[in-house]
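Listed below, chain by chain, are the residues.
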Amino acid sequence: MRTAYLETLYNLAKADKRVYALISDNGAIVYDKYREDLPGQYLNLGISEANMLGVAAGMANKGKIPFAYTIGAFLAYRALEFIRNDICLQKQNVKIIGTGAGEVYSALGPTHHSTEDMGALRSLPGLVILSPASPLDVKKAVNAAYLYNGPVYIRLGTNKEEEIYTEGYDFVIGKAVELCAGNKITIISTGSILADVLKVSRYFLKEGIDIRVINMHTIKPVDKEIIIKAIEETKGIITVEDHNITGGLGSAVAEVIAESGKGIKFKRIGLRDFSKGYGTYEQVRMVNGTGMDMIIKTVKDMLV
């Protein structure tokens, strides 16, 4: 995902002098080509995430399009006041890029995990939240954010995500993508964890059970129409996210279900506390109840 983001940002900046890359003294090496070719459109603000976003807001106020990049946990939590007051309240055209979504920094522990970022930011008026699931999703999300006039937060994984798409598709802010058709159970997911959801879908397909899979790449504004369609056409909905179930995708979907006035079986898979343990991404997710085994068990329980 990181490479897809950098390549897309590079192409945008090369074509539009208003586009700037801002970093907070992290990831400088991966910006080598960008700095070499576009030194006038790059700023390293040091380990001062809040200041970086304040600078970004000022640049946007003068017609620039800053993309401010650092670890998501240090943006959504440490710099929340600046996102609220300097960017959202002032409706500034700033793109906030948080890397290390969910538990992907598995060996660094919960201090570096962005597992409450969507919940912390979703309540902010005027902020679009994008959560791409694959490299192609990232490219489309970054281009969509560039064209959108207003504040956008994009949460990225790292640099090891597999591609889930085999062909082109339309990426529209606020419009989810149905990846697999089905009329039994709907799984709505977002971000890197969606790759495992697709594996679960294939597992059940071998048993003759078709699972509808939806990529909710936009957390805010959430696609209400596709959720209501799932309520009407399938027997249950499961949300799967590498995030706390409070405030994130599960909460957004639950709100739509509640306001629709329609009844349906509904389960949320995600964290219910701070993440625990260290190890590979798969190991940490397994310990915290967001691994493939939990997804499969939840589907089986709902099918009973």
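This structure is a prediction, so every number in the text was calculated from the model and none was measured.

Asker: Is there a simple way to explain the overall build of the protein in this structure?
Answerer: Helix and strand content of the protein: twelve helices and twelve strands. Taking 2.2 N^0.38 as the reference for a compact globule, 304 residues should give roughly 19 Å; the C-alpha atoms of the protein span a radius of gyration of 19 Å, in line with that estimate. The principal-axis extent of the C-alpha atoms belonging to the protein is close to 60 × 40 × 35 Å. Burial status across the protein gives 57% buried among its 304 residues. Across the protein, the 36 positively charged side chains and the 34 negatively charged ones have centroids separated by 2 Å.

Asker: It is not clear to me how the packing of aromatic side chains should be interpreted in this structure. Could you clarify?
Answerer: Ring pairs (aromatic) are described by centroid distance and by the angle formed between their planes. Under the criterion given, the structure shown has eight aromatic pairs. Judged by centre distance (6.1 Å) and plane angle (80°), the ring pair of Tyr-31 and Tyr-34 falls under edge-to-face. As far as burial versus exposure is concerned, Tyr-31 and Tyr-34 are alike and both buried. Three or more aromatic residues joined by ring pairs make a cluster, and in this case those are Tyr-5, Tyr-10, Tyr-31, Tyr-34, Tyr-42 and Tyr-69. Seen from the ring of Phe-74, Arg-78 lies directly overhead, with NZ or CZ sitting 4.6 Å from the centre.

Asker: What should I look at first to understand the pattern of salt bridges in this one?
Answerer: Any two side chains of opposite charge can pair if their charged atoms end up close together. Scanning the entire structure with this criterion turns up 17 salt bridges. Where Glu-49 meets Arg-78, a salt bridge forms, and the shortest distance between an N and an O atom there is 2.8 Å. With a gap of 29 residues between them, Glu-49 in helix H3 (residues 49-61) and Arg-78 in the loop between helix H4 (72-76) and helix H5 (80-88) connect regions that are remote in the sequence. Glu-49 sits in the buried class, given a relative accessible area of 3%. As a salt-bridge pair, Asp-196 and Arg-285 come within 2.7 Å of each other at their nearest N and O atoms. You can see Asp-196 sitting in helix H8 (residues 194-205) and its partner Arg-285 sitting in helix H11 (residues 281-287), a full 89 residues away along the chain. Members of the salt-bridge network, linked through shared partners, are Glu-162, Asp-196, Lys-199 and Arg-285.

Cut-off values and rules
- Per chain, residues are indexed from 1 in the order of the written sequence.
- pLDDT decides what is reported in this predicted model: residues at 70 or higher carry local features, side-chain atom pairs at 80 or more are listed and counted, and totals for whole chains, interfaces and linings draw on all residues regardless.
- Computation of side-chain values covers all heavy atoms of the structure but excludes hydrogens and water.
- Each helix is a run of DSSP H or I of at least 4 residues and each strand a run of E of at least 2, with the numbering of both proceeding from the N terminus.
- As defined in this context, the radius of gyration uses C-alpha atoms, and a globule is described by 2.2 Å times the residue total to the power 0.38.
- For every residue, the accessible area obtained with a 1.4 Å probe (protein chains only) is divided by the maximum for its type, and the residue is called buried under 20%, exposed over 50%, and partly exposed between those limits.
- In this charge count, Lys and Arg are treated as positive and Asp and Glu as negative; neither His nor the chain ends contribute.
- Think of each charge as sitting on NZ of Lys, CZ of Arg, CG of Asp or CD of Glu.
- Stacked, tilted and edge-to-face are the three classes applied to pairs of Phe, Tyr and Trp rings, where Trp contributes its six-membered ring and a pair requires centres within 6.5 Å; stacked means planes under 30 degrees apart, edge-to-face means over 60, and tilted covers the rest.
- When the NZ atom of lysine or the CZ atom of arginine is within 6 Å of a ring's centre and also within 35 degrees of its normal, the charge is said to sit over that ring.
- A side-chain nitrogen of Lys or Arg and a carboxyl oxygen of Asp or Glu constitute a salt bridge if their distance falls within 4 Å.

Coordinates in, geometry out; function isn't part of it.
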